[in-house]
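Residue-level listing of the chains:
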Amino acid sequence: RACETESGPRAGSQLRPIPRRSLSDAVFEQLRDAIVGGSLPAGAPLPAERVLCESLGVNRGAVRAALRKLEQARLVTVRHGGTSQVLDYRRSAGLDLLAALLVRPEGGLDAAAVRGVMEVRTTLAPEIARLAALRRSGPTADALDETVAAMRAARGDAEALQRLGIAFWGLVVEGSGNLAYRLLWNTLRDTYERMLPLLTRVLAEENGDPEAFAALAAAVRRGDCDDARAWAHTLVLRGEEAVSRALDARAAAGERRPS
């Protein structure tokens, strides 16, 4: 049953009714987007549960479950019996928020978030490749060689090469033997995959060079840390620069568009 009606200052002005499916997730996503988008700014009180129920057209259980998720994501502090408050997500949230930041609530990619993901990738990949070469794992090297063979067979298929590129880097991360990098990669991979439909062709220059991947795989196999780091940097820098050019072109096209 939906909660009783209760008015509140500006409580429903930014909100819209939720379709009756996956209610708590839908409430969470809408409030999360309001926090990230700034319509619920850091330091602002959250509307009372009853106000949220009325504004969103959902039951109290869905609202409470969503508030728990917001608290777990460190987007709000929930004070039972008192006023709950929005946190500054830039200071409190974790990497799990990254995927949500990529796509603006009104649609389209957030250029700053996309650039950030690519810069982190360029920074970390060479060190991860160095560790994979240091560990010099035979099974990792074998799997990398198999992936390179698949990339050679998929020449010209940008989507297949994109998927194989992700698989290749996942193997390098696994070969590094570093759990922290593994967990970080999981988040970055999930975030990166949200951009795939838009970036497949943009990243064709990186993923369409199987011989560069083969050189990295060979460096890992022979335990050449410096060479592995250098080839990893070469590859991911291509991707970062291609994405940066695409975002710059998109911004320029937007500026030229008549108002």
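The rules behind these values
Residues numbered from 1 in each chain as written. Predicted model: local features only at pLDDT ≥ 70, side-chain atom pairs only at ≥ 80, totals over all residues. Heavy atoms only, no water. Helix = DSSP H or I, 4+ residues; strand = E, 2+ residues; numbered from the N terminus. Buried < 20%, exposed > 50% of the residue type's maximum accessible area, 1.4 Å probe, protein only. Contact = heavy atoms within 4.5 Å. Areas by Shrake-Rupley, 256 points an atom, 1.4 Å probe, with all protein chains shown as cover. Salt bridge = Lys/Arg side-chain N within 4 Å of Asp/Glu carboxyl O. pLDDT = per-residue confidence, 0-100. Axes fitted to C-alpha atoms, helices over the stretch in contact; angles between N-to-C directions. Parallel < 35°, antiparallel > 145°, perpendicular 65-115°, else oblique. Left-handed = near helix turned anticlockwise from the far one by under 90°. Nonpolar A, V, L, I, M, F, W, Y, C, P; charged D, E, K, R; others polar. Phe/Tyr/Trp six-rings, centres within 6.5 Å; stacked < 30°, edge-to-face > 60°. Core = buried A, V, L, I, M, F, W, Y, C linked by side-chain atoms within 4.5 Å.

**Here's the deal with the overall build of the protein chain**
Then comes step 1: Summing up its helical and strand segments, the protein chain has 13 helices and 2 strands in all.
Then comes step 2: For the protein chain, the residues scored as buried account for 42% of the 259 residues in total.
Then comes step 3: Long-range pairs, those at least 24 residues apart, make up 71% of the contacts in the protein chain between residues at least 6 apart in sequence.
Then comes step 4: Within the structure as shown, the protein chain displays about 13600 Å² of accessible surface, and the carbon and sulfur contribution to it stands at 50%.

**Considering the pattern of salt bridges**
Then comes step 1: Taken as a whole, this structure holds 18 salt bridges when the rule is applied.
Then comes step 2: Note that Arg152 and Glu211 form a salt bridge whose closest N and O atoms lie 2.8 Å from each other. Here Glu211 lies in helix H12 (residues 210-222) and Arg152 lies in helix H7 (residues 138-153), a separation of 59 residues in the sequence.
Then comes step 3: Given the relative accessible area of 38%, Arg152 is considered partly exposed.
Then comes step 4: A relative accessible area of 37% places Glu211 in the partly exposed class.
Then comes step 5: Asp209 is paired through a salt bridge with Arg238; the nearest N and O atoms lie 2.7 Å apart. Placement of Asp209 in the loop between helix H11 (204-207) and H12 and of Arg238 in helix H13 (residues 225-256) is noted, with a sequence separation of 29 residues between them.
Then comes step 6: Linked through salt bridges whose partners overlap, the residues forming this network are Asp142, Asp145 and Arg221.

**Things to note about the confidence of the model for the protein chain**
Segments scoring low in pLDDT should not have their predicted coordinates read at a detailed level.
Then comes step 1: Averaged over every residue, the pLDDT of the protein chain is 86; residues scoring 70 or more account for 87%.
Then comes step 2: Averaged pLDDT values over the elements of the protein chain bottom out at 76 in helix H10 (residues 196-199) and peak at 97 in H12.
Then comes step 3: This stretch, residues 4-12, has a pLDDT under 50; its non-local contacts, to residues over four places away or in other chains, come to 14 contacts.

**Points about the side chain of Thr147**
Then comes step 1: In this fold, Thr147 is placed in helix H7.
Then comes step 2: The contacts of Thr147, once residues within four sequence positions are left out, are Leu164, Phe168 and Leu171.

**Points about the packing of helix H6 (residues 111-135) against helix H8 (residues 158-176)**
Then comes step 1: Across the interface, H6 lies against H8 with an axial gap of 7 Å and an inter-helix angle of 55°. As judged from the angle between their axes, H6 and H8 are oblique. Crossing handedness for the pair H6 and H8: left-handed. In contact with Arg121, Ala125, Ile128, Ala129, Leu131, Ala132 and Arg135 of H6, H8 contributes Trp169, Val172, Val173, Gly175 and Ser176.
Then comes step 2: When grouped by side-chain class, the residues that make up the contact of H6 with H8 number 8 nonpolar, 2 polar and 2 charged.

**Side note on the environment of Pro126**
Then comes step 1: As for its position among the elements, Pro126 is in helix H6.
Then comes step 2: Separated by 99 residues in sequence, Pro126 and Cys225 place their C-alpha atoms 9.4 Å apart.
Then comes step 3: In this view, Pro126 contacts Arg121, Arg229, Ala232 and His233; residues no more than four positions away in its chain are not counted.

**Considerations on the packing of aromatic side chains**
Then comes step 1: Applying the stated rule across the entire model yields 3 aromatic pairs.
Then comes step 2: With a centroid separation of 4.9 Å and an interplanar angle of 80°, the aromatic rings of Phe168 and Phe213 are classed as edge-to-face. Of the two residues, Phe168 sits in helix H8 while Phe213 sits in helix H12, which places them 45 residues apart along the sequence. One exposure class covers both Phe168 and Phe213, and it is buried.
Then comes step 3: Seen in terms of ring centroids, Trp169 and Phe213 are 6.3 Å apart; in terms of plane orientation they differ by 65°. Their pairing is edge-to-face.

**Details of the environment of Asn186**
Then comes step 1: Position of Asn186 relative to the elements: it lies in helix H9 (residues 179-194).
Then comes step 2: We classify Asn186 as partly exposed; its relative accessible area is 24%.
Then comes step 3: C-alpha of Asn186 to C-alpha of Gly170: the two residues are 16 residues apart in sequence and 8.6 Å apart in space.

**Comments concerning the nonpolar core**
Most often, soluble globular proteins keep nonpolar side chains buried together rather than apart.
Then comes step 1: Among the nonpolar cores identified, the biggest contains 47 residues, and Phe168, Trp169, Val172, Met195 and Leu216 are the most heavily contacted of them.
Then comes step 2: Elements supplying a minimum of two residues to this core: helix H5 (98-102), H6, H7, H8, H9, H10, H12 and H13.
Then comes step 3: For this core, the leading source of residues is H6, giving 11 residues.
Then comes step 4: If we ignore the near neighbours within four places in the chain, the residues touching Phe168 are Leu144, Thr147, Val148, Phe213, Leu216 and Ala217.
Then comes step 5: If you look at the next biggest cluster of nonpolar residues, it comprises 24 residues, including Leu31, Ala34, Leu46 and Leu52.

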